[in-house]
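# Structural description and commentary
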Amino acid sequence: SSGINAEYGGGRVCSFSDSTGTLSSEQGFSRSQLDQLFELKNVKRGRLSELSGIPGATYHAGKSVWQLGLACDVALPCATQNEITVEGAKLLAEGGCWCVAEGANMPTTNEAVEFLKTKVDIYLPGKAANAGGVATSALEMAQNSARLFWSAEEVDEKLKGIMNNIFATSYQTAQEFDRPWDLQFGANAAGFLKVYKAYKAMGYLKF
């Protein structure tokens with residue numbers, strides 16, 4: 001779904017990977033190809049190797065996308081923990097990547113994170129960039145408890161508002177602590193302050 005959303009936002013999706021390999025396209029996948037990919041993974045539960053013959057694409061058997069050194073502007077690691085190592089981070093930087101937004105729980109090793117923060121313009125940690133799933137679950141519970149029905153478009157609009165607020169809060173908190181564009185620090189600090197203020201309001205803290 002991140003690939004579909006990237007394409008909707010004007011991006012050009014150049015690679016996908018699963019546990020058996022990577023499918024890449026230098027020119028970017030067309031909308032019809034993205035629809036094929038979506039059906040393969042979300043309906044048929046198939047493997048990317050099944051689409052190795054689609055025009056303009058190359059299938060890299062047994063290879064992680066982070067091992068290939070593909071040129072890109074934005075990287076979206078959305079699969080497993082620690083999938084981007086320092087070696088993969090270096091290849092991203094060499095390929096011109098200026099933004100890494102995590103779409104999974106800790107998909108980047110600590111060493112790779114520290115490296116990327118010195119090389120890319122924007123690093124968005126999973127605790128912020130990957131909050132969409134939890135937020136959508138909260139919207140679902142809100143609908144159920146209020147006995148409401150929201151269309152997919154309404155849910156998407158509410159989700160966009162939540163994600164925009166998460167980014168703004170992380171950015172503003174980083175600014176307030178004189179750590180401009182350190183969105184990892186901003187997200188951590190904002191989360192800590194929210195819990196701290198709640199505990200203080202309930203009388204558990206005296207400072």
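### A closer look at helix H6 (residues 132–146)
- Here H6 is 15 residues long and its end C-alpha atoms lie 21 Å apart, about the 21 Å a rise of 1.5 Å per residue gives.
- Considered for burial, the residues of H6 that qualify are Gly 132, Ala 135, Leu 139 and Gln 143. Down the axis, H6 shows its buried residues gathered within 85 degrees of arc, on one side only. Set apart from the buried face of H6 by more than 90 degrees, the exposed residues are Val 134, Met 141, Asn 144 and Ser 145.

### Thoughts on the sheet that holds strand S5 (residues 99–101)
- Pairing is parallel across the open sheet formed by three strands, whose spatial order is S4-S5-S6. With one partner strand each, in any of the chains shown, strand S4 (74–75) and strand S6 (122–124) form the two edges of the open sheet.
- Where S4 meets S5, two bridges bridge the pair, whose relative direction is parallel. By the bridge assignment for S5, Val 74 is matched with Cys 99.

### Comments concerning the pattern of salt bridges
- Applying the stated criterion across every chain yields a total of six salt bridges.
- In this structure, the salt-bridge partner of Asp 35 is Arg 31, at a minimum N-O distance of 3.3 Å. Here Arg 31 and Asp 35 lie together in helix H2 (residues 31–44), a separation of four residues that amounts to about one turn.
- Overall, the relative accessible area of 38% leaves Asp 35 in the partly exposed class.
- Linked by salt bridges that have partners in common, Glu 7, Arg 31 and Asp 35 make up one network.

### Considering the sheet that holds strand S2 (residues 21–24)
- One open sheet accounts for three strands, arranged S1-S2-S3; its pairing is antiparallel. Here the strands that pair on one side only, and so sit at the sheet edges, are strand S1 (15–18) and strand S3 (58–61). Shown here is a sheet whose adjacent strand axes are inclined to one another by a mean of 15 degrees, direction ignored.
- Pairing between S2 and S3: four bridges, direction antiparallel. Each residue of the ladder has a partner; that of Ser 24, found in S3, is Thr 58.

### Some details on the side chain of Gln 143
- Secondary-structure assignment places Gln 143 in helix H6.
- According to the relative accessible area criterion, Gln 143 is buried, its value standing at 11%.
- Residues contacting Gln 143, with those up to four places away along its chain left out, are Leu 148, Phe 149, Trp 150 and Val 155.

### A few points about unusual backbone geometry
- Of note in this structure, Asn 82 is not a glycine but carries a positive phi near 60 degrees.
- You can see Asn 82 is positioned in the loop between S4 and helix H3 (86–94).
- The class of Asn 82 is partly exposed, set by a relative accessible area of 39%.
- Positioned with a positive phi, Met 106 is a non-glycine residue whose angle comes to about 50 degrees.
- Residue position: Met 106 is located in the loop between S5 and helix H4 (110–119).
- We classify Met 106 as exposed; its relative accessible area is 53%.

Cut-off values and rules
Residues numbered from 1 in each chain as written. Predicted model: local features only at pLDDT ≥ 70, side-chain atom pairs only at ≥ 80, totals over all residues. Heavy atoms only, no water. Helix = DSSP H or I, 4+ residues; strand = E, 2+ residues; numbered from the N terminus. Expected span 1.5 Å × (residues − 1). Buried < 20%, exposed > 50% of the residue type's maximum accessible area, 1.4 Å probe, protein only. Arc of directions from axis to C-beta. Pairing = 2+ DSSP bridges. Salt bridge = Lys/Arg side-chain N within 4 Å of Asp/Glu carboxyl O. Axes fitted to C-alpha atoms, helices over the stretch in contact; angles between N-to-C directions. Contact = heavy atoms within 4.5 Å.

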